[in-house]
Amino acid sequence: MPELRRSTRASTVEATKRLEEPPVKKAKTSAAEKKSATKAETESEVNELPKPAENESHKQKSAELEVGDEIPDLTLLDENENEVSLKEVAQKSKFLVIFAYPKASTPGCTKQAAGFQRNYSDLQALDTAVYGLSADSPKSQMSFVTKQGLKYPLLSDPSRKLISVLGAKKSPSGVKRSHWIFVDGKLTIKKIQISPDVSVDSALKDVQRLEQESGDANGAKEEEGKDSKQNGGKKD
């Protein structure tokens, strides 16, 4: 029995020692480690965020029509609230002139519109369709047509969809006085932010020049065709 008492006493002492030992403390996280962990979490959150949208002006610029581009497939209302398809209009005439003005019935815009009216018969003789364009309502366009006795249509673009595509939208809501000339449905001349006089005079001159160049090119092709036929008809 003495051995049993010693064993019991030894177990009691061992248990007492374990109770008296201080609990093991967790290693403290250093300030540098905390900073590193926070940085890693922040970077992870940033990477998961959606990429910011492109700058609005960059979007507009990238969508802007450039020389050589096809006329956009858009439909607008004219002063009579008739739908006008740009594609169809471009197909009906060799040349299409669209001029933009800031606001109907204002002095500068009246001067520009009256100038195109003055040149309208000359432009028609060159197989040219003419359209005015602004953000005014069809009703305001009709009033402008009536007051000035305009013989060509005015397009209403209150949302500035076409105006923006053509590059004439002025931030935040204005319109740059401009004009564009399309040849066989392709943009050939583009003039933005110009005066009423320059718009009127240069549009007619540019169409006349383009018609002359087109005639010269067709004449050269005809001569080449004649020469080819003559050379082909000769016998050795």
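Below is a summary of the structure that appears in this document. (Residues numbered from 1 in each chain as written. Predicted model: local features only at pLDDT ≥ 70, side-chain atom pairs only at ≥ 80, totals over all residues. Heavy atoms only, no water.)

### What about the pairing of strand 4 (residues 128-134)?
- In terms of burial, strand 4 is largely enclosed, as 7 of its 7 residues are buried.
- Residues of strand 4 alternate between two faces, with Thr128, Val130, Gly132 and Ser134 on one and Ala129, Tyr131 and Leu133 on the opposite face, all of them buried.
- Note: strand 3 (residues 95-100) against strand 4, 6 bridges, orientation parallel. Following the sheet pairing, Phe99 is matched in strand 4 by Gly132. (Buried < 20%, exposed > 50% of the residue type's maximum accessible area, 1.4 Å probe, protein only. Helix = DSSP H or I, 4+ residues; strand = E, 2+ residues; numbered from the N terminus. Pairing = 2+ DSSP bridges.)

### A closer look at the environment of Leu133
- As for its position among the elements, Leu133 is in strand 4.
- The exposure class of Leu133 is buried, given its relative accessible area of 0%.
- Here the alpha-carbon distance between Leu133 and Phe99, two residues 34 residues apart in the chain, equals 5.9 Å.

### As for helix 5 (residues 107-118)
- The first and last C-alpha atoms of helix 5 sit 16 Å apart over 12 residues, in line with the 16 Å expected at 1.5 Å per residue.
- Taken together, the buried positions of helix 5 are Cys109, Thr110, Gln112, Ala113, Gly115 and Phe116. (Expected span 1.5 Å × (residues − 1).)

### Overview of the side chain of Asp157
- With respect to the element layout, Asp157 can be found in the loop between strand 5 (154-156) and helix 8 (161-165).
- One buried charge, Asp157, has no salt-bridge partner; the nearest side chain with opposite charge is Arg160, at 7.5 Å.
- Setting aside residues no more than four positions away along its own chain, Asp157 makes contact with Leu76, Leu133, Ser134, Ala135, Asp136, Leu162 and Ile163. (Lys, Arg positive; Asp, Glu negative; His and termini not counted. Salt bridge = Lys/Arg side-chain N within 4 Å of Asp/Glu carboxyl O. Contact = heavy atoms within 4.5 Å.)

### Regarding the sheet that holds strand 3
- The mixed open sheet is built from 7 strands, whose spatial order is 2-1-5-4-3-8-9. Edge positions in the sheet fall to strand 2 (83-85) and strand 9 (186-192), since each of these pairs with one other strand and no more. Strand after strand, the sheet turns through a mean of 30° between neighbouring axes, direction not considered.
- Judged from the 3 bridges that link them, strand 4 and strand 5 form a sheet pairing that is parallel. Across the sheet, residue Gly132 finds its bridge partner in strand 5, namely Leu154.
- Most of the contacts of helix 5 go to strand 3, to which it runs at about 160°, and overall it touches strand 3, strand 4 and strand 8 (178-183).
- Helix 7 (residues 138-148) contacts strand 1 (75-78), strand 4 and strand 5 of the sheet and is inclined by roughly 165° relative to strand 5. (Axes fitted to C-alpha atoms, helices over the stretch in contact; angles between N-to-C directions.)

### Observations regarding helix 7
- By the burial criterion, the buried members of helix 7 are Pro138, Gln141, Phe144 and Val145. Buried residues of helix 7 fall within an arc of 115° about the axis and therefore sit on the same side. In helix 7, the exposed positions that point more than 90 degrees away from the buried face belong to Lys139, Thr146 and Lys147.
- Each element contacted by the buried residues of helix 7 is listed here: strand 1, helix 5, strand 4 and strand 5. (Arc of directions from axis to C-beta.)

### A look at the nonpolar core
- Judged by nonpolar contacts, the single largest core of 25 residues is most densely connected at Phe99, Tyr101, Phe116, Val130, Tyr152, Leu154 and Val207.
- When residues of this core are traced back to their parent elements, those giving at least two are strand 3, helix 5, helix 6 (120-125), helix 7, strand 8 and helix 9 (196-233).
- Tallying contributions element by element places helix 9 first for this core, with 5 residues.
- Counting 24 residues, the second largest nonpolar core, distinct from the first, contains Ala100, Leu133, Ala135 and Leu162. (Core = buried A, V, L, I, M, F, W, Y, C linked by side-chain atoms within 4.5 Å.)

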